[in-house]
Each structure stands twice: as structure tokens, then as C-alpha cells.
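Okay, here's what each chain looks like letter by letter:
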Amino acid sequence: MNFGRGPSVVLNVGGTRYSFSREVLKDFPLRRVSRLHGCLSEQDVLEVCDDYDRERNEYFFDRHSEAFGFIMLYVRHGHLRFVPHMCELSFYNEMIYWGLEGSHLDYCCQRRLDDRMSETCTYYSAEEPPGESAGGPEGKGRRPPPGAEGGKWLERMRRTFEEPTSSVAAQVLATVSILFVIVSMVVLCASTLPEWRAPENRSVEEQSRYTAESVREPSGIIEAICIGWFTAECIVRFIVSKNKCEFVRRPLNIIDLLAITPYYISVLMTVFTGENSQLQRAGVTLRVLRMMRIFWVIKLARHFIGLQTLGLTLKRCYREMVMLLVFICVAMAIFSALSQLLENGLDLGTKNKDYASIPAACWWVIISMTTVGYGDMCPITVPGRILGGICVVSGIVLLALPITFIYHSFVQCYHELKFRSARYSRSLSAEFLN
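Residues numbered from 1 in each chain as written. Predicted model: local features only at pLDDT ≥ 70, side-chain atom pairs only at ≥ 80, totals over all residues. Heavy atoms only, no water.

The name that an unreviewed UniProt entry assigns to the protein is Voltage-gated potassium channel regulatory subunit KCNG3, with the source organism given as Pterocles burchelli. Of the protein, the UniProt comment under Sequence similarities (unreviewed entry) reads exactly: "Belongs to the potassium channel family. G (TC 1.A.1.2) subfamily. Kv6.3/KCNG3 sub-subfamily." The Subunit (unreviewed entry) comment attached to the protein in UniProt states, word for word, "Heterotetramer with KCNB1. Does not form homomultimers." (UniProt positions renumbered as here; feature names shortened; annotations may be inferred.)

What follows is the structure, given as C-alpha cells:
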């Protein structure tokens, strides 16, 4: 440490003393303690702690001693839990003071903190923890570094577009975006109705064209407005993002591009093909591109924790999903071969034409194992029916085994996302007070 003398330093937290060597402070897990290593003057030291004894090289912190003892257990053993009979929010405030986050807590304590914060509508911002802002007690009198105002404005814009619950403006923006998604889906569904194009007797190919007349129609105007909103939103989010490469690689942003680009591709294809015969060959492509607007529904995942939980669960449980598919494929191969043999392969006097081949029998196996049973195919022989019963029971057992793991992962992902939303968002009451 550049300030103070002696081979060791002493931390006095609420009357409890802890002794450390200088080298330990350099890479200490608590950010506030590690900052002492880089202090060059007494003024720098007093910005980190409450008081300092130069002779004994002792630093005083007027904080909760028992809470710091539990935090030190985390430093030594890697497990952080709440202090018994202490308010979760008070302990979380101590964690933030020493430089820890809610993610450092054990999972059971994370859920307790999440529930507590949800009940009291108390949210802390990771970027500006209590007591660390420029207007707080520790930042009193500090001058923001050059460019801090611009960076703060960009961060506020980023949170407005990325965190729907961070402020009133973010909630209004999220609501408008949801309304545009709903309107665009309603127009997409209505455009497939026969009554939609009946007055002009337009064909499906003509529906796919973006001509001057179609753009002036109400549906074309609504579609153009929705595309314009989504395009502007995507561009602004790209501009205010911290890491442009990471922004492009995010799944939700990729889905946004897949939903927006077909419109411009369809317009360009219509402009270049015009009225010639190439439009007939491009009609199928245009219809496919227009139908890709259904991806706009996935944009709702940006505003609803439920859809985010589904995506995170599929990401974490891909091994279980692969295992589930393997179970189904193995069972489908076995039961389809046996059903084809019993229903069509053997000369038992009756041949079921629905089971003429093993690939045809695979359809019956999959709807039987999933207990759907459309009834379009069914065994007619006694051995085939016995095999069908075994197939149904086997499907229930095989599908239930990996689904249990997927369910527990879904519950865990839901609580993690709910906790993260509570930890990174601000309450509306706090914003009005500010």
C-alpha cells in the first residue's frame, strides 16, 4: 500500500478488529477493502473508510460488525448467507457497501432477498449502489470525470430501451412497443382471411407485392408504420449499446433483424421485378418473407419474464432436450418396426394399409407416445393393439424422466430472472422522489 507504514493493516469494523498483510489487501475480494491498497494520501483513505489511525495503521468502518463477520466467512469459504435475525435489505445494503452483489449470495438467500425486495418495492441499481452516487454521502463534493455526463446519458438511454422496469419512460416505451407488436400481428392474421382481399379479388401472389397502390392501403400504411418503429428502435438500441459485437450476437436482436429485413427485401424484390414474369417465380419467396413477420411475437420476450425464462431454460437444458429426443427416436424406431410387422408384414389374414412402411408407422408411434391419438391411424390386430398399449405406457414413462429435470431448471431460471429484474431495476416511487 502506498499510504501508511507497517507490514500489516488493521480493519476495525464496528469495534471488531481484523488484521491483514499488505499483499492480501491488493487482491482482496471486497472492492472497498482492496481500494485501500491504492490510496496515496490521507484524503484518499478517508474517502474509503470513516476514520484512520496513522500510528497503528488502523482503518475504522462504522458498519455492522456481525454482518461483516458473515461477509468474511464468504471471503474465506466462498459461501455467503444472511445473518440470522437481521433484515435481508439491511444485510444487502452492507453487501453493496463492501462491494458485493446479490449474485454472491447462496441460491436460497437470493430467493429470500428477491421476495423481500418484491414485497417492499425496494430496488437497488448495480451501477449506482446506495452511498456510491455522486450526490451520496461518499461522493459529496466529487466532480464527475470528463465525459461522465455523456456516458451517464448513454447509460440512461440504454437502460430505457433494455430494462423495461427501470423508469417510467422505459415502461411507456415498452408499452408502445408491445402495442406495435400486437397491431402488426392482427394485420398479419387479417391479411390471410379471404374477406380481406375479396373486394378486389386479389390472388395470394398479388397480396405479396408491395406496389404503390398496396402501400397506400390501410394495411400497407399500418405495416409501414410498424416496420418504421421497429427499425428505429433497433437502430437506437444498437447506437447506445456498450458492445456492438455482443449486441449483434444476442438471440433477441437476431430475431429482430429476422423480423425486419424481410419487409425491405420484399420491397426491393418487387421494385426490381416490376410487372414481368419473374414476379410469379418470386411469389413464393415473397410470401415466405412476409410470413416471417411472425417472429415479432418473440419480441415480447424482451418485456415478459415468462418468455425469458423459457428461452433461458431451453439454453441451459439442451442436454436434457437432446436426451428426450434420443429417447423418442429410439422408441419410435423400435415400435414402428414392430407395428409395421404385426399390422402389415405378417400374413394374418388382415393387412392394415396405414402401416405399409416403417416411416408411415413412425407417425402413429409419435402421436401414441405423446398421448395425442388423432385416430387417423390405429392397429386392428390383437397383437398390434397390445403393442399400442405398451407404446403409450412407454411414452408416458420415457417423457416424464427428463421433463422432471427441465421443470426444476425452469423454476430456478424463473427465480433467477425475477431476482435479476428486482436487483437491476428502480422502483417508480424512487424515481418520482428523485
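(A) Structural view of the overall build of the protein. Within the protein, the regular secondary structure consists of 20 helices and four strands. Here the protein holds 434 residues, and 39% of them are scored as buried. Here the contacts in the protein between residues at least 6 apart in sequence split such that 65% fall between residues at least 24 apart. (Helix = DSSP H or I, 4+ residues; strand = E, 2+ residues; numbered from the N terminus. Buried < 20%, exposed > 50% of the residue type's maximum accessible area, 1.4 Å probe, protein only. Contact = heavy atoms within 4.5 Å.)

(B) Spotlight on the UniProt feature "transmembrane region" (unreviewed entry) in the protein. Those places that UniProt annotates as "transmembrane region" (unreviewed entry) correspond, in this numbering, to residues 168–193, 220–240, 252–274, 294–314, 321–342, 354–374 and 386–410. Helix makes up 100% of residues 321–342 and strand 0%. Its end C-alpha atoms lie 31 Å apart. Taken end to end, residues 354–374 is 57% helix and 0% strand, and its first and last C-alpha atoms sit 14 Å apart.

(C) Molecular detail of a negative patch on the surface. On the surface, a cluster of negative charge is contributed by Glu42, Asp50, Asp51 and Asp62. Considering the arrangement of structural elements, one finds Asp51 in strand 3 (residues 51–53). Its relative accessible area of 42% is what places Asp51 among the partly exposed residues. (Patch = residues over 30% accessible without salt bridge, like charges linked within 9 Å, V, L, I, M, F, W, Y side chains within 5 Å. Areas by Shrake-Rupley, 256 points an atom, 1.4 Å probe, with all protein chains shown as cover. Salt bridge = Lys/Arg side-chain N within 4 Å of Asp/Glu carboxyl O. Lys, Arg positive; Asp, Glu negative; His and termini not counted. Charge placed at Lys NZ, Arg CZ, Asp CG, Glu CD.)

(D) Fine view of the confidence of the model for the protein. In this model, the protein carries an average pLDDT of 76, and 75% of its residues clear a pLDDT of 70 or more. Confidence, expressed as mean pLDDT per element, reaches its minimum in the protein at helix 20 (residues 428–433) with 44 and its maximum at helix 18 (residues 358–369) with 91. Within the model, pLDDT remains below 50 along residues 121–142, and this stretch shows 46 contacts once partners closer than five positions in the same chain are excluded. Low pLDDT, under 50, characterises residues 426–434; the stretch is placed with 14 contacts to residues that sit more than four places away or in other chains. (pLDDT = per-residue confidence, 0-100.)

(E) Spotlight on the packing of helix 16 (residues 305–316) against helix 17 (residues 318–345). Where helix 16 meets helix 17, the closest approach of the two axes is 5 Å, and the angle between their N-to-C directions is 70°. When the axis of helix 16 is compared with that of helix 17, the two are roughly perpendicular. Seen from helix 16, the contacting residues are Leu314, Lys315 and Arg316; seen from helix 17, they are Tyr318, Glu320 and Met321. Its residues placed into classes, the contact of helix 16 with helix 17 shows three nonpolar, no polar and three charged. (Axes fitted to C-alpha atoms, helices over the stretch in contact; angles between N-to-C directions. Parallel < 35°, antiparallel > 145°, perpendicular 65-115°, else oblique. Nonpolar A, V, L, I, M, F, W, Y, C, P; charged D, E, K, R; others polar.)

(F) Broad picture of a nonpolar patch on the surface. A surface patch of nonpolar side chains, about 520 Å² in accessible area, is lined by Tyr318, Val322, Val326, Val330, Ile334 and Leu338. Here Val330 lies in helix 17.

(G) Geometry of the pairing of strand 1 (residues 8–13). Most of strand 1 sits inside the fold, with five of its six residues counted as buried. Inspection of the sheet shows strand 1 paired to strand 2 (residues 16–21) by six bridges, in the antiparallel sense. Opposite Ser8, over in strand 2, you have Ser21 as the bridge partner. Relative to strand 4 (residues 58–61), strand 1 runs parallel, the two sharing four bridges. Counterpart to Val13 in the pairing with strand 4 is Phe61. (Pairing = 2+ DSSP bridges.)

(H) Fine view of the nonpolar core. Ranked by internal contacts, the top residues of the largest apolar core, which has 37 residues, are Leu11, Tyr59, Phe61, Phe91 and Trp98. When contributions to this core are tallied by element, the ones reaching two or more residues are strand 1, strand 2, helix 3 (42–48), strand 4, helix 4 (65–77), helix 5 (88–98) and helix 6 (107–120). At seven residues, helix 5 tops the list of elements feeding residues into this core. One finds Met185, Ile227, Phe230 and Ile260 within the second-largest nonpolar core, a separate group that totals 14 residues. (Core = buried A, V, L, I, M, F, W, Y, C linked by side-chain atoms within 4.5 Å.)

(I) Just helix 4, in detail. The terminal C-alpha atoms of helix 4, which comprises 13 residues, lie 18 Å apart, in line with the 18 Å expected from a rise of 1.5 Å per residue. Listing the buried residues of helix 4 in full gives Ala67, Phe68, Ile71, Met72 and Tyr74. Down the axis of helix 4, the smallest arc covering the buried residues is 150°, so these residues share one side. Structural note: helix 4 exposes Arg76 and His77 on the side pointing more than 90 degrees away from its buried face. Those residues of helix 4 that are buried are in contact with strand 1, strand 2 and helix 5. Immediately downstream of helix 4, the backbone of Gly78 shows phi near 85°, a positive value. (Expected span 1.5 Å × (residues − 1). Arc of directions from axis to C-beta.)

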